[in-house]
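# Structure assessment
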Amino acid sequence: MNKRFEKHVDGRSDLFIPFIVAGDPTEEATIKLALMLQEEGANAIELGIPYSDPLADGPVIQRASIRALEHGMSLEKAMNIVPKMRERGLEIPVIVFTYYNLLLQLGEERFFALVRENNIDGLLVPDLPFEESEEWRESCKMNDTALISLVAPTTSDKRLTAIAKEATGFLYCVSSLGVTGTRTDFHSSVFEFIDRVKSLSPIPVAVGFGVSAPEQVAKLKEYCDGVIVGSAIVRQIEAQVDGLTNEETQVEAIDHIRSYIRDLISPYEKLKINT
Amino acid sequence: MSTMVPDQRGRYGRFGGKYVPETAMYALEELEQSLDEAMADEQFMANYHEELKKYSGRPTPITHAENLSKRLGGAQIYLKREDLNHTGAHKLNNAIGQALLAVRMGKEKIVAETGAGQHGVAAATVAARFGLECKVFMGKEDIRRQELNVFRMKLLGAEVVPVSSGSKTLKDATNEAIRYWVANVEDTFYLIGSVVGPHPYPKMVRDFQRVIGDESREQMEDLPNKVIACVGGGSNAMGMFYPFLQDDVQLVGVEAAGKGIHTGEHAATLSEGRLGVIHGSITYLLQNETGQIQEPHSISAGLDYPGIGPEHAYLSETGRVTYTGITDMEALDALKVLSEEEGIIPAIESAHALSEAIKQAPDMAKDETILVCLSGRGDKDVHTIMEHLGGEVDE
Ligand SMILES: Cc1ncc(COP(=O)(O)O)c(C=O)c1O
């Protein structure tokens with residue numbers, strides 16, 4: 001079992017798992033953002049690898065990917081940022097979020113060598129469904145790496161049971177159909193779905209896709225063990241791109257995003273617990 | 001053996017499969033089940049063949065290109081005239097099949113992707129015919145380049161949705177169509193345009209295009225020695241080749257070599273691509289070292305796709321089909337020759353296949369035969385042709 005997951009994720013029910021794109025807008029900004037997110041109570045970080053064809057992502061993350069690719073970010077380079085985060089105090093698990101083609105090109109052996117060298121804890125491949133993932137599940141197990149599985153409201157009971165049985169780290173519940181992006185409201189049947197997942201999952205259940213308001217977090221808190229926040233944060237980053245790129249204004253820009261996060265996850269009362 | 005693919009998981013050897021987000025799995029499961037039921041339903045297949053006959057004008061004839069064959073002095077060249085289909089290309093065979101399936105599944109809307117607009121026009125056409133609402137996703141860059149087809153789609157009542165993500169071309173339009181479909185699967189059917197995408201799409205499109213090869217087998221007195229077709233995603237080629245796979249017939253797929261393979265500006269996926277995932281399927285694709293998908297180039301918008309259908313990747317690997325490349329210039333030369341010799345202006349896509357036949361015919365005996373899939377007519381391409389051949393034609 002992965003030690004960092006054990007310490008920061010297992011058995012908790014107030015999980016805050018932010019997603020940022022590596023290299024959006026720069027490597028240095030990514031490091032500072034990760035550290036800030038930890039300070040604000042993040043339990044793990046999803047480090048998104050920019051891709052030319054992100055099939056599961058909406059416009060916000062697509063644009064972030066383009067920004068990061070313009071600076072030459074790649075899967076290997078992104079994985080090499082993690083030790084720098086660790087040096088500067090990052091303790092929580094880092095989950096590499098990458099489309100399958102990037103993983104195939106890097107190769108399984110090289111990927112896990114980097115996982116071990118760079119203290120990486122998890123892998124999430126949005127376009128590698130359960131049926132195609134057996135080999136990767138095995139190699140993740142051998143390398144002490146959580147392979148994060150996703151389930152959606154349309155996932156059949158049969159598949160849900162099979163996926164929940166094999167899931168490691170936490171189980172990622174997709175709140176709605178379609179792609180990542182902020183949503184103002186959840187369909188009411190989502191909560192039944194989350195209940196169904198909770199009853200089947202031996203590991204924490206976190207909900208993502210569209211989480212962008214404290215009211216949503218407050219509501220979800222009653223049903224599951226945490227939230228995954230992607231587009232809402234990436235949108236904040238986008239608004240601060242200039243500030244984040246310029247060394248003089250970087251701290252100010254980060255603090256801007258920090259106050260957004262603080263408000264967003266206020267229902268978890270993270271800072272009270274941590275201090 | 002090749003009739004055994006795809007397997008249960010949608011695999012053609014190590015190619016194919018379903019590499020899609022979890023949110024798309026239900027949509028694919030539903031499609032797979034409905035497709036199996038429809039294909040086993042005699043009434044459904046009878047409807048499909050009736051539409052092909054009475055609406056699209058099938059069977060399309062085979063024309064002996066006598067003047068051309070004589071001029072080349074070798075094998076006899078025969079043309080399977082998919083250009084005579086309604087809307088001017090093989091694309092409609094597949095669009096009719098999928099639209100009928102959409103209706104059978106109770107869907108009210110279809111979405112499609114298009115590059116040059118040929119598949120978009122086919123989708124808009126069947127939507128009008130079968131009373132479906134139609135959205136066609138098209139890259140902004142392509143909308144600019146293909147004004148006329150954009151207008152045709154609108155005239156047919158479809159909504160053309162501009163795609164400004166990524167490189168704003170066919171691959172991005174396909175991503176966007178899949179994204180939209182997954183979010184709206186309850187009432188929406190995704191009508192894909194070639195033998196690409198996650199299982200069961202490559203199989204479904206092949207099965208709706210195999211009418212090309214099935215008819216050809218009946219129409220030719222003897223089996224041809226060679227069959228040649230152009231390959232973008234690979235639907236006309238797959239439809240043509242599939243019924244010949246078990247025969248002693250040489251099969252040749254022609255990719256677009258663009259400005260020449262060495263220039264890097266081409267769409268020669270099989271010779272220059274690497275194994276990877278594109279649009280939910282494992283196959284060869286054009287990509288950079290780290291796995292970002294690259295833009296292809298071809299003078300023919302229909303061959304301008306960075307991937308290739310997984311069954312072609314499989315047939316290439318098993319050696320059953322040989323794949324070659326034809327450049328923009330070679331295709332234009334072939335187009336001009338066919339126009340002059342036979343009074344047929346082919347689509348630039350189809351001219352790639354023809355050019356390969358022109359290369360190979362002189363080395364074959366006069367009693368040997370080459371069957372070329374003339375996948376479409378050239379009307380849509382006159383602007384491009386004028387740009388490149390204008391001077392030559394005036395003389
Ligand atoms: C006339 C014609 N031929 C060929 C193609 C290439 O498609 P495929 O390889 O799927 O047959 C197209 C695509 O638009 C086309 O319009």
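Residues numbered from 1 in each chain as written. Chains lettered and ligands numbered in written order. Predicted model: local features only at pLDDT ≥ 70, side-chain atom pairs only at ≥ 80, totals over all residues. Heavy atoms only, no water.

Where an unreviewed UniProt entry is consulted, chain B appears under the name Tryptophan synthase beta chain, with the organism given as Guptibacillus hwajinpoensis.

You'll find chain A entered in an unreviewed UniProt entry as Tryptophan synthase alpha chain, with Guptibacillus hwajinpoensis given as the organism. Here chain A is described in UniProt, under the heading Subunit (unreviewed entry), as follows: "Tetramer of two alpha and two beta chains." (UniProt positions renumbered as here; feature names shortened; annotations may be inferred.)

Moving on, we get to the UniProt feature "active site" (unreviewed entry) in chain A. Residues and elements named next belong to chain A. Here, the residues flagged by UniProt with the feature "active site" (unreviewed entry) are Glu 46 and Asp 57. For Glu 46, the contacting residues outside a window of four places in its chain are Ile 17, Pro 18, Phe 19, Ile 20, Ile 95, Phe 97, Leu 124, Phe 170, Tyr 172 and Ile 228. For Asp 57, the position within the fold is in the loop between strand 2 (45-48) and helix 3 (59-70). Within the local environment of Asp 57, its side chain forms a polar contact with the side chain of Tyr 99, the two groups lying 2.7 Å apart. (Contact = heavy atoms within 4.5 Å. Helix = DSSP H or I, 4+ residues; strand = E, 2+ residues; numbered from the N terminus. Polar contact = N/O pair within 3.5 Å; in protein donor to acceptor, adjacent residues only side chain to side chain.)

Below, the discussion takes up the interface of chain A and chain B. Facing 35 residues of chain A, the contacting portion of chain B comprises 35 residues. Approximately 2,800 Å² of surface area, both sides summed, lies buried where chain A meets chain B, with 53% of it carried by carbon and sulfur atoms. Three residues stand out in chain A for area buried against chain B, namely Leu55(A), Gln105(A) and Glu132(A), and they jointly supply 24% of the buried area on that side. For the pair chain A and chain B, the interface holds five salt bridges. Arg11(B) is the salt-bridge partner of Glu132(A), the closest N and O atoms lying 2.8 Å from each other. Remark: the boundary between chain A and chain B carries 20 residue pairs in polar contact (both at pLDDT 80 or more). (Buried area = accessible area lost by both parts, 1.4 Å probe. Salt bridge = Lys/Arg side-chain N within 4 Å of Asp/Glu carboxyl O.)

To continue, consider the packing of aromatic side chains. Residue and element names in this part refer to chain A. Taken as a whole and judged by the stated rule, the model has 16 aromatic pairs over all chains. Judged by centre distance (6.2 Å) and plane angle (80°), the rings of Phe 97 and Tyr 99 are edge-to-face. Using a relative accessible area of 7% as the deciding quantity, one classes Phe 97 as buried. What makes Tyr 99 buried here is its relative accessible area of 1%. Taking 4.6 Å as the distance between ring centres and 40° as the angle between the ring planes, the aromatic pair formed by Phe 191 and Tyr 223 counts as tilted. Here Tyr 223 lies in the loop between helix 11 (214-221) and strand 9 (226-229) and Phe 191 lies in helix 10 (residues 189-200), a separation of 32 residues in the sequence. (Phe/Tyr/Trp six-rings, centres within 6.5 Å; stacked < 30°, edge-to-face > 60°. Buried < 20%, exposed > 50% of the residue type's maximum accessible area, 1.4 Å probe, protein only.)

On to helix 2 (residues 42-54) of chain B. All names here are of chain B. Between its first and last C-alpha, helix 2 extends 18 Å over 13 residues, near the 18 Å set by a 1.5 Å rise per residue. Looking at the packing, one finds that the buried side of helix 2 touches helix 1 (22-39), helix 4 (91-104), helix 5 (118-130), helix 9 (201-209) and helix 10 (211-219). The opening residue of helix 2, the one whose side-chain oxygen lies 2.9 Å from the backbone nitrogen of Gln 43, is Asp 41. (Expected span 1.5 Å × (residues − 1).)

Let us look at the domain arrangement of chain B. Residues and elements named next belong to chain B. Structurally, chain B comprises domain 1 (10-53 + 91-205) and domain 2 (59-88 + 210-394). Contacts between the two partners involve 36 residues from domain 1 and, on the opposite side, 34 residues from domain 2. The interface formed by domain 1 and domain 2 includes one salt bridge. In this structure, Arg 14 engages Glu 317 in a salt bridge whose closest nitrogen and oxygen atoms are separated by 2.5 Å. (Domains from an automatic or database assignment.)

For the rest of this paragraph, the subject is the UniProt feature "domain: Tryptophan synthase beta chain-like PALP" (unreviewed entry) in chain B. Mapped onto this structure's residue numbering, the UniProt feature "domain: Tryptophan synthase beta chain-like PALP" (unreviewed entry) falls at residues 57-376 of chain B. Secondary structure over residues 57-376 of chain B splits into 40% helix and 21% strand, and the C-alpha atoms at its two ends are 14 Å apart.

Take the pairing of strand 1 (residues 15-21) of chain A next. All names here are of chain A. Among the seven residues of strand 1, seven are classified as buried, and the element is accordingly described as predominantly covered. Side chains Leu 15, Ile 17, Phe 19 and Val 21 of strand 1 all project onto a buried face; the interleaved residues Phe 16, Pro 18 and Ile 20 project onto the opposite face, where all are buried too. Pairing between strand 1 and strand 9: four bridges, direction parallel. Within strand 9, the position partnered with Phe 16 by the bridge is Val 227. For strand 1 and strand 2, the ladder comprises three bridges, and the chain directions are parallel. (Pairing = 2+ DSSP bridges.)

Two side chains bearing opposite charge may form a pair once their charged atoms approach each other closely. The full count for this structure, using the stated rule, is 52 salt bridges over all chains. Between Glu166(A) and Arg137(A) there is a salt bridge whose closest N-O contact spans 3.8 Å. Of the two residues, Glu166(A) is situated in helix 9 (residues 157-166) and Arg137(A) in helix 8 (residues 134-142); the sequence distance between them amounts to 29 residues. In this structure Arg137(A) comes out as buried when scored by relative accessible area, which is 15%. One salt bridge in this structure joins Glu349(B) and Lys380(B), with 2.7 Å as the shortest N-O distance. Residue Glu349(B) is found in helix 15 (residues 348-360), and its partner Lys380(B) is found in the loop between strand 14 (369-374) and helix 16 (382-394); the two are separated by 31 residues along the sequence. A relative accessible area of 7% means that Glu349(B) is categorised as buried.

It is worth spelling out the environment of Ile293(B) at this point. Mapped onto the elements, Ile293(B) comes out in the loop between strand 12 (281-285) and helix 13 (310-318). With relative accessibility at 8%, the residue Ile293(B) sits in the buried group.

The next point concerns the site of the ligand. Residue and element names in this part refer to chain B. In the neighbourhood of the ligand, 17 residues make up the surrounding shell, with Ser 194, Gly 232, Gly 234, Ser 235 and Ser 375 lying closest. Here an oxygen atom of the ligand and a backbone polar atom of Gly 233 are 3.3 Å apart. Backbone polar atom of Gly 234 to an oxygen atom of the ligand: 2.7 Å apart, as the coordinates give it. Across the complex, the protein chains shield 97% of the 390 Å² of accessible surface that the ligand would expose by itself. Each of domain 1 (10-53 + 91-205) and domain 2 (59-88 + 210-394) contributes no fewer than three residues to the shell around the ligand. (Near = heavy atom within 4 Å. Areas by Shrake-Rupley, 256 points an atom, 1.4 Å probe, with all protein chains shown as cover.)

Here we take up the confidence of the model for chain B. Mean pLDDT over chain B stands at 95; residues scoring 70 or higher make up 99%. Model confidence for the complex is summarised by a pTM of 0.96, with the ipTM given as 0.94. (pLDDT = per-residue confidence, 0-100.)

For Ala24(B), the location among the structural elements is in helix 1. Placed 155 residues apart in sequence, Ala24(B) and Arg179(B) show a C-alpha to C-alpha distance of 8.7 Å.

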